[in-house]
Amino acid sequence: MTIAYDATTRLDKVNAQDAARLAQLHPAFAPDGGIPGDASLGAIAQATGLPLELILTYACGEIHVKVHEGQSCGGGCGCSH
């Protein structure tokens, strides 16, 4: 089940797994990153300069890497599209 987040979602309402994913995106999202829990994801996007769409997509685990036809996605995955 994917949880829907938006610009008004407070950081303290993001579930733990998604918050950990966000901390990988930017250190400000880490528990000791200094952002108060009542800060909205929209406000954090503005403060960090990250696009809101990136934050929302990353939090939901919906980042997908597009690979050009005939190229590998790298990382040793062995796929070729």
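Residues numbered from 1 in each chain as written. Predicted model: local features only at pLDDT ≥ 70, side-chain atom pairs only at ≥ 80, totals over all residues. Heavy atoms only, no water.

Draft legend 1. Region of the structure containing helix α3 (residues 52-59). Within the sequence span of α3, burial applies to Ile55, Leu56 and Ala59. The buried residues of α3 occupy one face: seen down the axis, they fall within an arc of 95 degrees. Turning to α3, the residues buried within the fold contact α1 (16-25) and α2 (41-48). Of the residues one or two after α3, glycine 61 is the one with positive phi, at around 70 degrees. (Buried < 20%, exposed > 50% of the residue type's maximum accessible area, 1.4 Å probe, protein only. Helix = DSSP H or I, 4+ residues; strand = E, 2+ residues; numbered from the N terminus. Arc of directions from axis to C-beta. Contact = heavy atoms within 4.5 Å.)

Draft legend 2. Quick peek at the nonpolar core. Ranked by size, the top nonpolar core spans 14 residues in total, and within it Tyr5, Leu22, Phe29, Leu41, Ile44 and Ile55 carry the most contacts. Of all the elements in the fold, those that place two or more residues in this core are α2 and α3. What isoleucine 44 contacts, discounting residues up to four positions off in sequence, is Leu11, Phe29, Ile35 and Ala39. (Core = buried A, V, L, I, M, F, W, Y, C linked by side-chain atoms within 4.5 Å.)

Draft legend 3. Looking closely at the environment of alanine 45. Mapped onto the elements of the fold, alanine 45 is located in helix α2. For alanine 45, a relative accessible area of 6% translates into the label buried. Distance in space between the C-alpha atoms of alanine 45 and isoleucine 55 is 7.2 Å, their sequence separation being 10 residues. Residue contacts for alanine 45: discarding those within four places in its chain leaves Leu50, Pro51, Leu52 and Ile55.

Draft legend 4. Expanded view of the environment of arginine 21. Along the chain, arginine 21 turns up in helix α1. Separated by 40 residues in the primary sequence, arginine 21 and glycine 61 place their C-alpha atoms 7.8 Å from one another. With near-sequence residues (within four places) excluded, arginine 21 lies in contact with Tyr58, Ala59, Cys60 and Gly61.

Draft legend 5. Quick peek at the pattern of salt bridges. Under the criterion given, the structure shown has 2 salt bridges. Of the charged contacts in the structure, one is a salt bridge between aspartate 12 and arginine 10, with a shortest N-O distance of 2.5 Å. For aspartate 12, a relative accessible area of 41% corresponds to the partly exposed category. When the shortest N-O distance is used, the salt bridge between aspartate 18 and arginine 21 registers 2.8 Å. Taken as a pair, aspartate 18 and arginine 21 lie in helix α1 at a separation of 3 residues, close to a single helical turn. (Salt bridge = Lys/Arg side-chain N within 4 Å of Asp/Glu carboxyl O.)

Draft legend 6. How the structure looks around the confidence of the model for the chain. When pLDDT is averaged across the chain, the result is 82; 75% of the residues are at 70 or more. No element of the chain has a lower mean pLDDT than α1, at 90, and none a higher one than α2, at 95. (pLDDT = per-residue confidence, 0-100.)

Draft legend 7. A look at the packing of α2 against α3. The interhelical angle for the contact between α2 and α3, taken along N-to-C directions, is 125 degrees, at an axis separation of 9 Å. Classified by the interaxial angle, the pair formed by α2 and α3 is oblique. Considering only the axes of α2 and α3, their crossing is right-handed. Counted together, Leu41, Gly42, Ala45 and Thr48 of α2 and Leu52, Ile55 and Leu56 of α3 form the full contact between these two elements. Looking at the contact of α2 with α3, its residues break down into 5 nonpolar, 2 polar and no charged. (Axes fitted to C-alpha atoms, helices over the stretch in contact; angles between N-to-C directions. Parallel < 35°, antiparallel > 145°, perpendicular 65-115°, else oblique. Left-handed = near helix turned anticlockwise from the far one by under 90°. Nonpolar A, V, L, I, M, F, W, Y, C, P; charged D, E, K, R; others polar.)

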